[in-house]
Amino acid sequence: MLKSTEILLTIKLQEQLFVDPKRIRLLKAIQGCGSINRAAKNANISYKSAWDHLAAMNDISPLPLLDRNIGGKNGGGTTLTPYAERLLQLYELLEKTQEKAFQILQDETIALSSILSATAKFSLQSSARNQFFGNVLKLELEGVNYSVSIQIEGLEQPITATITEKSAVRLGLVLGKEVMLMVKAPWVKLHSEKPHHCTNLFEGNVISVSDTNDVKEVLVKTDSIEFCATTNKTQSIQVGTQIWLSIEPEQIILAAL
């Protein structure tokens, strides 16, 4: 078992230190009390040190970090600008991402050569039982939709998905781009005989059948890929039998970085 690990995040701008844990604590202290003097005490640093850190940050920051109100009936004070508020949110997000990234080091089933695969494993949660990774093999505009052929490692023939033109642009799809495919189990249709006119049609062997509430959950292995399907209990399916499965192109969800 790995010991507790501490990952300290440092961000540089213009090759100079911008933020680190100490400076983030100072900004959070200002956020909490509205005073640099009190914030310095809360962060366990001197007032001069606090000013030096803030000055160094402001010198290289793209936008101001502090709003200072001098005087007034409430004696003035210092607050964070919207940019500084977002900086704190970003820093927290990056810390969580770093922690998740380190966790995948312990899981040797996750390929670190693929940023999409690794990211999906530690940060993306989906209800879709079927999740695969592949590369765009063909991209064709058909009317208002794109037909996207994707080659998945371990599957002899590509899978075709149909998405809107806007979705293709938003995902930045180009030939060779890595994508993630998600297919919910009810969208995988099982056939005892080979059907005709199916775009995504695969032959495989039933390796598992289990009853779940009102449906059967069936695992089918085709080539070296396993598909999960659900079907009604009246459909007779036995472990070890050959079966055909099909997936409508419109029922394939694509994700990309």
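All values derive from a computational prediction rather than experimental measurement. (Residues numbered from 1 in each chain as written. Predicted model: local features only at pLDDT ≥ 70, side-chain atom pairs only at ≥ 80, totals over all residues. Heavy atoms only, no water.)

### Quick word on the packing of helix α1 (residues 21–33) against helix α4 (residues 82–103)
At step 1: Two elements in contact, α1 and α4, have axes separated by 11 Å at closest approach and are oriented at 130°. As judged from the angle between their axes, α1 and α4 are oblique. Regarding α1 and α4, the two cross each other, and that crossing is left-handed. The residues of α4 that touch α1, namely those facing P21, I24, L27, K28 and Q31, are E85, L87, L88 and Y91. (Axes fitted to C-alpha atoms, helices over the stretch in contact; angles between N-to-C directions. Helix = DSSP H or I, 4+ residues; strand = E, 2+ residues; numbered from the N terminus. Parallel < 35°, antiparallel > 145°, perpendicular 65-115°, else oblique. Left-handed = near helix turned anticlockwise from the far one by under 90°. Contact = heavy atoms within 4.5 Å.)

### A closer look at the packing of α1 against helix α3 (residues 47–60)
At step 1: It is the contact of α1 with α3, at a shortest axis distance of 11 Å, that shows an interaxial angle of 100°. Considering their axes alone, α1 and α3 lie roughly perpendicular with respect to each other. Contacts between α1 and α3 involve K22, R23, L26, L27 and I30 on the former and, on the latter, A50, H53, L54, A56 and M57.
At step 2: Its residues assigned to classes, the contact of α1 with α3 shows seven nonpolar, one polar and two charged. (Nonpolar A, V, L, I, M, F, W, Y, C, P; charged D, E, K, R; others polar.)

### Details of the nonpolar core
At step 1: Counting 31 residues, the largest nonpolar core has L173 and L254 as the members making the most contacts within it.
At step 2: Tallying contributions element by element places strand β6 (residues 145–152) first for this core, with four residues.
At step 3: If we ignore the near neighbours within four places in the chain, the residues touching L173 are V136, L139, V148, I163, A168, V179 and L254.
At step 4: Counting residues in hydrophobic clusters, the runner-up holds 25 residues, among them V19, L26, A39 and I45. (Core = buried A, V, L, I, M, F, W, Y, C linked by side-chain atoms within 4.5 Å. Buried < 20%, exposed > 50% of the residue type's maximum accessible area, 1.4 Å probe, protein only.)

### Re the pairing of β6
At step 1: For β6, the tally of buried residues reaches six of eight residues, placing the bulk of the element in the interior.
At step 2: The antiparallel pairing of strand β5 (residues 130–142) with β6 creates a hairpin that spans two residues between the two strands, and G143 there sits at a positive phi of about 70°.
At step 3: Sheet topology note: the β6/strand β7 (residues 159–164) ladder contains six bridges and is antiparallel. Within β7, the position partnered with N145 by the bridge is T164.
At step 4: Where β6 folds back on β7, the antiparallel hairpin that results is connected by six residues, among which G154 adopts a positive phi of roughly 95°. (Pairing = 2+ DSSP bridges.)

### Here we look at a nonpolar patch on the surface
At step 1: On the surface, I7, F102 and L105 cluster together to form a nonpolar patch covering roughly 250 Å² of accessible area.
At step 2: If you trace the backbone, L105 turns up in the loop between α4 and α5 (115–123).
At step 3: A residue is classified by how much of its surface remains accessible, and L105, at 52% relative accessible area, is exposed. (Patch = residues over 30% accessible without salt bridge, like charges linked within 9 Å, V, L, I, M, F, W, Y side chains within 5 Å. Areas by Shrake-Rupley, 256 points an atom, 1.4 Å probe, with all protein chains shown as cover. Salt bridge = Lys/Arg side-chain N within 4 Å of Asp/Glu carboxyl O.)

### Brief notes about the sheet that holds strand β14 (residues 253–255)
Strand pairing in a sheet relies on backbone hydrogen bonds. The paired strands run either parallel or antiparallel.
At step 1: If you trace the five strands from one edge of the open sheet to the other, you get β7-β6-β5-β8-β14, paired in antiparallel fashion. Of all strands in the sheet, those bounded by a partner on one side alone are β7 and β14. Between one strand axis and the next, the sheet turns by 45° as a mean value, whatever way the strands run.
At step 2: Note: β5 against β6, eight bridges, orientation antiparallel. What sits directly across from V136, in β6, is I150.

### A few points about the sheet that holds strand β10 (residues 200–212)
At step 1: With antiparallel pairing, the five strands of this open sheet are ordered in space as β9-β13-β10-β11-β12. In this open sheet, the two edge strands, each paired with only one partner strand, are β9 (188–191) and β12 (225–232). Neighbour-to-neighbour, the strand axes of this sheet turn through a mean angle of 45°, independent of strand direction.
At step 2: Of the pairings in the sheet, the one linking β10 to strand β13 (residues 242–247) comprises six bridges and is antiparallel in character. Residue pairing across strands places F202 opposite L245, the latter belonging to β13.

These values are about where atoms sit, not about what they do.
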